[in-house]
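Structural features, examined
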Amino acid sequence: MASTRTSLNSGRTGADIREVLRRVQLAKTMREATEGAPAGPISQDDLRDAIAGLRRG
């Protein structure tokens, strides 16, 4: 598990992590606004997807 965590965060700064959280929060807020139902808490999968998106640019 630690190696997975390390590989996901390798080379990331505090600003990168802040951006990942901002993107996940925005996506959940938009989903909640369009679907009209609570989006639920941020999950590890949400964070992994956002990190992957940050890598892609």
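So, how was this worked out
- Residues numbered from 1 in each chain as written.
- Predicted model: local features only at pLDDT ≥ 70, side-chain atom pairs only at ≥ 80, totals over all residues.
- Heavy atoms only, no water.
- Axes fitted to C-alpha atoms, helices over the stretch in contact; angles between N-to-C directions.
- Helix = DSSP H or I, 4+ residues; strand = E, 2+ residues; numbered from the N terminus.
- Left-handed = near helix turned anticlockwise from the far one by under 90°.
- Contact = heavy atoms within 4.5 Å.
- Nonpolar A, V, L, I, M, F, W, Y, C, P; charged D, E, K, R; others polar.
- Salt bridge = Lys/Arg side-chain N within 4 Å of Asp/Glu carboxyl O.
- Buried < 20%, exposed > 50% of the residue type's maximum accessible area, 1.4 Å probe, protein only.

1. Remarks on the packing of helix H2 (residues 14-35) against helix H3 (residues 44-56)
Viewed as axis vectors pointing N to C, H2 and H3 meet at an angle of 115°, and their least axial separation amounts to 9 Å. Note on packing geometry: the crossing formed by H2 with H3 is right-handed. Contacts between H2 and H3 involve Asp16, Glu19, Val20, Leu21, Arg23, Val24 and Lys28 from the first element and Asp46, Leu47, Ala50, Ile51, Gly53 and Leu54 from the second. The class makeup of the residues in the contact of H2 with H3 is seven nonpolar, one polar and five charged.

2. A look at the pattern of salt bridges
Opposite charge on two side chains permits pairing when their charged atoms draw close. Applying the stated criterion across every chain, the model contains four salt bridges. Where Glu19 meets Arg22, a salt bridge forms, and the shortest distance between an N and an O atom there is 2.8 Å. Placement of the pair is Glu19 and Arg22 together in helix H2, with a separation of three residues, close to one helical turn. The class for Glu19 is partly exposed, based on a relative accessible area of 22%. Accessibility expressed as a relative area gives 43% for Arg22, which makes it partly exposed. The residue Arg23 makes a salt bridge to Glu19 at a minimum N-O spacing of 2.9 Å. Pair noted here: Arg23 and Glu19 are both in helix H2, with a separation of four residues, about one helical turn. Through salt bridges with shared partners, a single ionic network connects Glu19, Arg22 and Arg23.

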